[in-house]
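Notes for the structure review
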Amino acid sequence: MDQRIISRWGLLLLVSLLSACASQPRGDRPRVDTPPPVEQRQPAPEVSVPPPVRATPAQPRATLPREEGTLPPAAEQAPGAAPQPPTSSTPPPVGGRVEPMPPAARNLAAKAEAASRIGRHDEAAAYLERALRIAPRSPELWQNLAVVRFRQKDYAKVEGLAQRSNALAPSSSPLRKTNWELIAAARKARGDAKGAAEAAAEARRFGS
Amino acid sequence: MARSSKSAKGSKAAAKQPRRRFTFGRVLLGLVLIVLLIAIPVIGIYVFFLDYKVTSQFEGKRWALPARVFARPLELYEGLRLRPENLVLELKQLGYRAEANGAQSGTYHRAGNTVRLTSRAFRHPDGEEPGRQLEIRFDGNTVTAVREVGGGSLDLVRLEPALIGSIYPDKVEDRILVRLDEVPPMLVDALLTIEDRAFYEHSGISFIGLARAMATNLRSGRVVQGGSTITQQLVKNFYLSSERTLTRKINEALMAMLLEYHYSKQEILEAYLNEVYLGQDGARAIHGFGMASHFFFGRPLDELQPHQLALLAGLVKGPSYYDPRRHPQRAQERRNLVLTTMAGQGVISADQAKAYMERPLDVAPTGRGGDTPYPAFMELVKEHLRRDYRAEDLGSEGLRIFTTLAPSVQHAAEEALLNRLKQWRDKKLEGAVVVLDVDDGSVLGLVAGRDVRYPGFNRALYAKRQIGSLIKPAVYLAALERPAQYGLGTLLQDEPISMADGSGKTWEPKNYDGQVRGQVPLWDALARSYNLPTVYLGLQVGMRQVANTMQRMGLRPPSSAYPSMFLGAVNYTPMEVAQAYLTLASGGFRTHPRAVRAVMTRDGEVLSRYPLAVERAFDTAPVYLVDYALQAAVWQGTGRSAANWLGAQPLVAGKTGTTDDTRDSWFAGFSADVLAVTWVGRDDNATTGLTGASGALTVWSELFKNIDWRPLELTPPESVEALYIDPTSGMLGSENCQGAVVLPYVRGFAPALSPNCIDQRNVLDRASDWFKEMFDGSTNY
């Protein structure tokens, strides 16, 4: 019974992930408040789709954090600039920088999405790992991998991957909210109710 | 049988006695009938038995195929950090040949910043990659364009992975199966010309061939030609022992005919091409032309040239006698005989034969695809696989094992260690190198000693050595995890200390240079690897806390905690050290090193994948602060001689380690994407005279000079802010405060304002102004 609740809960979460992470502009987000009827253990079609980042080349989603203006432009202007040595007069560089995802990685993420959609999660994960070797600093890719593991019910791996995504995503990025939701769901699925509540609280800090 | 023929002779003798003829004849007839009655079913059953043997074994013939172990495939895309030299290195590892335009499969051509090549098709665990003619452009050490010749630009291309070894069962027959339609017709022509001209006409045994062989043998007075058909040779190899008896010869003939009755010429030929013995590589027997091609020429069969194919066909007669590596003269004569015979039979023209005969043997110097050129890495792979696979399956099922080894990195690691060892001239000096991918823990290279091709003691995996100062980051990390108490600018005591160690003796650590400085900033103490401040810091933080930090970094917990632990009186292997530093390099995530990515069956079914798994072990901020100090270690501290290889202020971070009396020399360092741990020392634990800087660091630097890596830009996480710190007090300073330095601090944990700077007005406001300016890009600090 408990298991059922978890899986239904997980599906609802994924529905919300879908909406939170779909690449549509904010204006036409899918509505979250009316989840489609969900059969036991049968992912609804929409639910099984969503690596949170659409990887079609036309979408500027890969550079999302920049779009949303969370990054200090200064950090972007001098991508090659070496940090100065910590000598007496020079401060260290400050400000996170998220590199745009190269097309090679984006295409692999798209393949992963397609594979995951038809339940081939291992294959999807393999594509994402390849993509990560090309763009290891992409918070989107780490999150996608966390989502795939979640769908596989490989909950033990979810948290680490989502945390890795968090460590790379700027603090105001919606990716962080999703990551905390994933962590909460994975903890819950592993029977860590307290940890799940904490993670859910973290997620709520990002608003709804 | 023999008995019945004797009876037949007896009947002729009996014919002279008419009286008894009738009765004797009847008896004889009866006897013959009885014999026949017995013999026919017996022969019938025997033939039936042979038939069963031939068909069941031929159809069920599963050669025991060793597991093939592959390196990681090189992926090419715009923006990839790779210098053309390293691409060429990878191509050579794949057996590519430099040729005018690189238009043939397995060839390449480099002209300055452009490399043209034709890749081979390959079935990867996640799909088929076609063979393509490609053009790769470079700018410095970056790929700027990947395009298909005659086509458009490509986002991503994956080369086939290099075969780096095989895993064998005890009895070693090695082969790569080929299909008949993959075999160059020239090879089949050469083979049939020299071994069995009537192959397509005979029905298993060839009397013409036999007669010809006998005539030849009689003429020369010895056995020069076997007269066996290809079918007979196959039967002999498949089903029979090598003894030379009449019974065996009869069996061979019978079975050859049965084989021909059941199977087409194509099937028999294909089986032969895969079965035939063609060479020996130590304990490994080379069977079939697929493997022979790799073994002798280092490339697949379909890429061989006619003169090479003729050599292979010639080898059938005596793989040992005509071994092209040991007896090149004989091999050349044999090859030329094949070519002459082919011309004589009109299979090729005389001109062609002449041209081919002028070619050298073109044999690769050492056998490829054998056990492995990387025994140290292979040991890790086997250890990895032992958990999930039985040794029998690894040795017989032809599994395909996809590993993480990066051949160009491995090559650079071997070269770096060997070059440096050569400089030091101590023949007993040994070393080890572990190279990991920072983000996913892939083992990119592994060197276990100076004899890199010899599978001896694997120092990288099993040599537990004192790690000396390599431990220090754990002490500092334990402190920096308490931002309310410690920051990079915190002043640490640098004074003599004396205390009782666990065994009741007095422990009096010293700084390496013997000096004491009173007080030193925390970051400087780590960067310059001062011992005394580290001991004071460790004692303040607590041994338990430091031990806990070590464990979270991924190290085995020390069996007991004692103060000399702060200076690295603990033993770990290079691989263990690498794993712990991986946690620092990845911003606080523990990642398991992995050597295997996936295992696939011969038919392309993925049996297991070894997925990427990471675990958060530390907050980003304290790890960032440690990394910052470790970059200072390379720029100004104990690792500064890296500049001799990498230029001033290379964008890497790292730590030297030296143990008592220079018994162990260590360096652990990383860029944004590659981490390497190097160790130099002697197996007998004698002193080497090498410090971390003069020994292991030089190996590390030489390695990093020759591989391609992304700079460690150390962009602070958002939880870190830059502060002016007054170095005399370790407290908050300001821009105008005399001698103030800027150091990263955990946000919200600025130390109190320094009394030395108290007269500066609005210090905090100014600091935040400066911050804003930086974000606007108007100040280039």
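Residues numbered from 1 in each chain as written. Chains lettered and ligands numbered in written order. Predicted model: local features only at pLDDT ≥ 70, side-chain atom pairs only at ≥ 80, totals over all residues. Heavy atoms only, no water.

**Section: the overall build of chain B**
- Secondary structure assignment for chain B yields 25 helices and 33 strands.
- By its C-alpha atoms, chain B is 150 × 65 × 45 Å across when sized along the principal axes.
- Nonlocal contacts in chain B, meaning residues at least 24 apart in sequence, comprise 69% of its contacts between residues at least 6 apart.
- Total accessible area on chain B stands at roughly 34,100 Å², and carbon and sulfur atoms take up 52% of it.
- Here chain B contributes 89 positive and 84 negative side-chain charges, whose respective centroids are spaced 12 Å apart. (Helix = DSSP H or I, 4+ residues; strand = E, 2+ residues; numbered from the N terminus. Contact = heavy atoms within 4.5 Å. Areas by Shrake-Rupley, 256 points an atom, 1.4 Å probe, with all protein chains shown as cover. Lys, Arg positive; Asp, Glu negative; His and termini not counted. Charge placed at Lys NZ, Arg CZ, Asp CG, Glu CD.)

**Topic: the sheet that holds strand 14 (residues 284-287) of chain B**
Residue and element names in this part refer to chain B.
- Strand order in the open sheet formed by three strands is 12-14-13, and the pairing between neighbours is mixed. Where the open sheet ends on each side, the last strands, each with one partner, are strand 12 (173-174) and strand 13 (277-281).
- Along the sheet, helix 9 (residues 288-297) makes contact with strand 12, strand 13 and strand 14, crossing strand 14 at roughly 120°. (Pairing = 2+ DSSP bridges. Axes fitted to C-alpha atoms, helices over the stretch in contact; angles between N-to-C directions.)

**Overview of the side chain of B:H124**
Residues and elements named next belong to chain B.
- As for its placement among the helices and strands, H124 is situated in strand 6 (residues 122-124).
- Judged by relative accessible area, H124 falls into the buried class, the value being 2%.
- Excluding its chain neighbours within four sequence positions, the residues that come into contact with H124 are P73, E129, R158, L159, E160, P161 and M600. (Buried < 20%, exposed > 50% of the residue type's maximum accessible area, 1.4 Å probe, protein only.)

**Comments concerning a nonpolar patch on the surface**
- Together, B:I34, B:L37, B:I38 and B:V42 make up an exposed nonpolar region whose accessible area comes to about 400 Å².
- Relative to the elements of secondary structure, B:I34 occurs in helix 2 (residues 18-59). (Patch = residues over 30% accessible without salt bridge, like charges linked within 9 Å, V, L, I, M, F, W, Y side chains within 5 Å. Salt bridge = Lys/Arg side-chain N within 4 Å of Asp/Glu carboxyl O.)

**Let's talk about the nonpolar core**
Residues and elements named next belong to chain B.
- Membership of the largest hydrophobic core comes to 160 residues, with the highest contact counts inside it found for L76, L87, L117, L385, I401, L446 and F670.
- The element best represented in this core is helix 22 (residues 620-635), accounting for 10 residues.
- Excluding residues within four positions of it along the chain, L76 makes contact with L82, L87, I136, V146, D155, L156, V157 and L159. (Core = buried A, V, L, I, M, F, W, Y, C linked by side-chain atoms within 4.5 Å.)

**Digging into the sheet that holds strand 8 (residues 133-139) of chain B**
All names here are of chain B.
- One open sheet holds the five strands; their spatial order is 3-4-5-8-9, and the pairing between them is mixed. Because the sheet does not close on itself, it has two edges, and the strands there are strand 3 (97-98) and strand 9 (142-148).
- Direction of pairing for strand 5 (residues 114-118) relative to strand 8: antiparallel, over a ladder of five bridges. Note that in strand 8 the partner of V115 across the bridge is I136.

**Structural notes on the packing of aromatic side chains**
Residue and element names in this part refer to chain B.
- In this structure the tally under the stated criterion is 12 aromatic pairs over all chains.
- Between F667 and W700, the ring centres sit 5.0 Å apart and the planes meet at 65°, which makes this aromatic pair edge-to-face. One end of the pair, F667, is in strand 29 (residues 664-670); the other, W700, is in helix 24 (residues 696-706), with 33 residues separating them in the sequence. We note that F667, like W700, is buried.
- Counting every residue linked through ring pairs, the aromatic cluster contains F667, W700, F704 and W709.
- We note R325 situated over the ring of F295; from NZ or CZ to the ring centre the distance is 4.7 Å.
- Positioned over the ring face of Y321 is R330, at 4.0 Å from the centre of the ring. (Phe/Tyr/Trp six-rings, centres within 6.5 Å; stacked < 30°, edge-to-face > 60°. Lys NZ or Arg CZ within 6 Å of the ring centre and 35° of its normal.)

**A word on the pattern of salt bridges**
- Scanning the entire structure with this criterion turns up 55 salt bridges over all chains.
- Close ionic contact of B:D126 with A:R130 constitutes a salt bridge, the shortest N to O distance being 3.1 Å. Residue B:D126 is found in the loop between strand 6 and strand 7 (127-129), and its partner A:R130 is found in helix 6 (residues 121-134); the two belong to separate chains. Both residues of the pair, B:D126 and A:R130, count as buried.
- Between B:D664 and B:R465 there is a salt bridge; the shortest N-O distance is 2.6 Å. Here the residue B:D664 occupies a position in strand 29, and B:R465 occupies one in strand 18 (residues 465-466), the gap between them amounting to 199 residues.

**So, empty space enclosed by the protein**
Residues and elements named next belong to chain B.
- What the rule picks out here adds up to four cavities of 30 Å³ or more.
- Size it by volume and the largest cavity reaches roughly 60 Å³.
- In terms of lining, the largest cavity is formed by I467, L470, I471, A474, M553, L555, V577, A580 and Y581.
- Ranked by residue count, the leading element in the lining of the largest cavity is helix 21 (residues 574-585), at three residues.
- Class assignment of the residues belonging to the lining of the largest cavity gives a composition of nine nonpolar, no polar and no charged. (1 Å grid on protein atoms, 1.4 Å probe; cavity = no way out; pocket = protein on both sides within 12 Å on 5 of 7 lines; lining within 4 Å. Points joined across faces, edges and corners; volume = space filled by probe spheres on them. Nonpolar A, V, L, I, M, F, W, Y, C, P; charged D, E, K, R; others polar.)

**Overview of helix 10 (residues 306-315) of chain B**
- For helix 10 of chain B, a buried count of nine out of 10 residues is recorded, marking the element as mostly surrounded by other parts of the structure.
- Where helix 10 of chain B is concerned, the buried positions are B:H307, B:Q308, B:L309, B:A310, B:L311, B:L312, B:A313, B:G314 and B:L315.

**Focus on the confidence of the model for chain B**
Residues and elements named next belong to chain B.
- Averaged over all residues, the pLDDT of chain B equals 88, while 90% of them reach at least 70.
- Under a pLDDT of 50 for its full length, residues 1-16 has, in the predicted model, seven contacts with residues more than four places off or in other chains.
- This stretch, residues 772-781, has a pLDDT under 50; its non-local contacts, to residues over four places away or in other chains, come to 20 contacts. (pLDDT = per-residue confidence, 0-100.)

**Some remarks on the confidence of the model for chain A**
Residue and element names in this part refer to chain A.
- Per-residue confidence for chain A averages 65 on the pLDDT scale, and 52% of its residues sit at or above 70.
- At the low end of the mean pLDDT range in chain A sits helix 4 (residues 73-77), at 27; at the high end sits helix 7 (residues 139-151), at 96.
- Low confidence marks residues 1-97, where pLDDT is under 50. Its contacts with residues over four positions away, or in another chain, come to 178 contacts.

**What to know about the pairing of strand 29 of chain B**
Residue and element names in this part refer to chain B.
- Taken across its seven residues, strand 29 has seven buried, putting it largely inside the fold.
- Residues D664, W666, A668 and F670 line one face of strand 29 and the alternating positions S665, F667 and G669 line the opposite face, and both faces are buried.
- As defined by bridge partners, strand 28 (residues 653-658) adjoins strand 29 across six bridges and the pair is classed as antiparallel. Its bridge partner being in strand 29, A653 is matched across the sheet by F670.

**With respect to the packing of helix 4 (residues 185-195) of chain B against helix 8 (residues 265-275) of chain B**
Residues and elements named next belong to chain B.
- For the pair helix 4 and helix 8, interaxial distance at closest approach is 12 Å and the crossing angle is 90°. Classified by the angle their axes make, helix 4 and helix 8 are roughly perpendicular. Along its contact with helix 4, which presents V188, L191 and L192, the element helix 8 presents L269, Y272 and L273. (Parallel < 35°, antiparallel > 145°, perpendicular 65-115°, else oblique.)

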